[in-house]
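# Descriptive structure summary
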Amino acid sequence: EAGVTQFPSHSVIEKGQTVTLRCDPISGHDNLYWYRRVMGKEIKFLLHFVKESKQDESGMPNNRFLAERTGGTYSTLKVQPAELEDSGVYFCASSQEQRSLLYDEQYFGPGTRLTVT
Amino acid sequence: GENVEQHPSTLSVQEGDSAVIKCTYSDSASNYFPWYKQELGKGPQLIIDIRSNVGEKKDQRIAVTLNKTAKHFSLHITETQPEDSAVYFCAASKGRDRGSTLGRLYFGRGTQLTVWP
């Protein structure tokens, strides 16, 4: 079974440019999460999709960030225009709700390292 | 919201020694505490978790303890090996029994563990 995949693995852009990150969750996983780790800090939640719907987007930093999950499969996270403070590693995770359990294990992708210069 | 503190930020041990990483959390409603290991170039991978109705859980060389009163939880690795070298993250979350369907994880800042041969 393929794990969570993310593309690109690394992106270097200039301030003011636009970047789109892609995440392909594990097949069949309804839950998809985006997280971000700024260097040396904690991994911070950005948002959560259940299928194609945004369940929780309270972690999105501002309106320069736009996440979509059309059709409930892969997701994209667009940053426009990028600022220096957007640099960090962006992780995607997916999980499948198991009603017999109270917690769903989240499987993480390898991340996209974004550098804004 | 939840705040997770993790210490130490770096830890170096000799092969065969034990390693302990400690975390505290602030929200008494949190009841699920996973630990993730992130190796170079990979995403975080769940290695063990503990729920708030359990005080201790062990899986081979890895054990976690939870003190709900003090809001502390710890990861213990015995007989460390060079392949244990990685960044370790603690996290906290609320399960569906706490009325939460959100599933978001609150992470600590990570501990870089280095095991010297």
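Below you will find a few notes about this structure. (Residues numbered from 1 in each chain as written. Chains lettered and ligands numbered in written order. Predicted model: local features only at pLDDT ≥ 70, side-chain atom pairs only at ≥ 80, totals over all residues. Heavy atoms only, no water.)

### Things to note about the interface of chain B and chain A
Reports of interface size often rely on the accessible area that becomes lost once the parts have come together. Defined as follows: Residues count as neighbours in contact if any of their non-hydrogen atoms are within 4.5 Å of one another. The term buried area means the drop in 1.4 Å probe accessible area that two parts suffer when joined, counted for both and summed. Criterion for a salt bridge: a side-chain nitrogen of Lys or Arg within 4 Å of a carboxyl oxygen of Asp or Glu. We define a polar contact as two N or O atoms separated by no more than 3.5 Å, with the added condition that, inside protein, one atom must be a possible hydrogen donor and the other a possible acceptor, whereas residues neighbouring each other in sequence contribute only through side-chain atom pairs. Each helix is a run of DSSP H or I of at least 4 residues and each strand a run of E of at least 2, with the numbering of both proceeding from the N terminus.
Every contact between the two is made by 22 residues of chain B and, on the other side, 25 residues of chain A. Both faces combined, the contact of chain B with chain A buries some 2,100 Å², and carbon together with sulfur accounts for 53% of it. Note that E42 of chain A is salt-bridged to R109 of chain B, the shortest N-O span being 3.8 Å. The tally of links from chain B across to chain A stands at four residue pairs in polar contact (both at pLDDT 80 or more). When residues of the side of chain B that touches chain A are traced back to their parent elements, those giving at least two are β4 (32–38) and β5 (45–51) of chain B. Counting residues per element, the side of chain B that touches chain A draws most heavily on β4 of chain B, which supplies three residues.

### Some remarks on the environment of P8 of chain B
Checked against the element boundaries, P8 of chain B lands in the loop between β1 (4–7) and β2 (10–14). Apart from residues no more than four positions distant in its own chain, P8 of chain B is found in contact with V20, G110 and T111 of chain B.

### Let's talk about the state of the cysteines
How we decide: The disulfide criterion used throughout: a pair of cysteine sulfur atoms within 2.5 Å. A 1.4 Å probe rolled over the protein chains alone gives each residue an accessible area, and that area as a share of the maximum for its type sets the label: buried under 20%, exposed over 50%, partly exposed in between.
For the structure shown, the criterion picks out two disulfides over all chains. Across the disulfide from C23 of chain A sits C92 of chain A; the S-S distance is 1.8 Å. Negative torsions about the S-S bond denote left-handed disulfides, and the value of about -60° found for C23 of chain A with C92 of chain A makes this one left-handed. You can see C23 of chain A sitting in strand β3 (residues 19–24) and its partner C92 of chain A sitting in strand β9 (residues 88–95), a full 69 residues away along the chain. By relative accessible area, which is 0% here, C23 of chain A ends up buried. Assessed through its relative accessible area of 0%, C92 of chain A is described here as buried. Disulfide pairing places C23 of chain B opposite C90 of chain B at an S-S distance of 2.0 Å. Because the sign of the S-S torsion sets the handedness, a value of about -100° for the bond joining C23 of chain B and C90 of chain B places this disulfide among the left-handed ones. Of the two residues, C23 of chain B is situated in strand β3 (residues 19–25) and C90 of chain B in strand β9 (residues 86–92); the sequence distance between them amounts to 67 residues.

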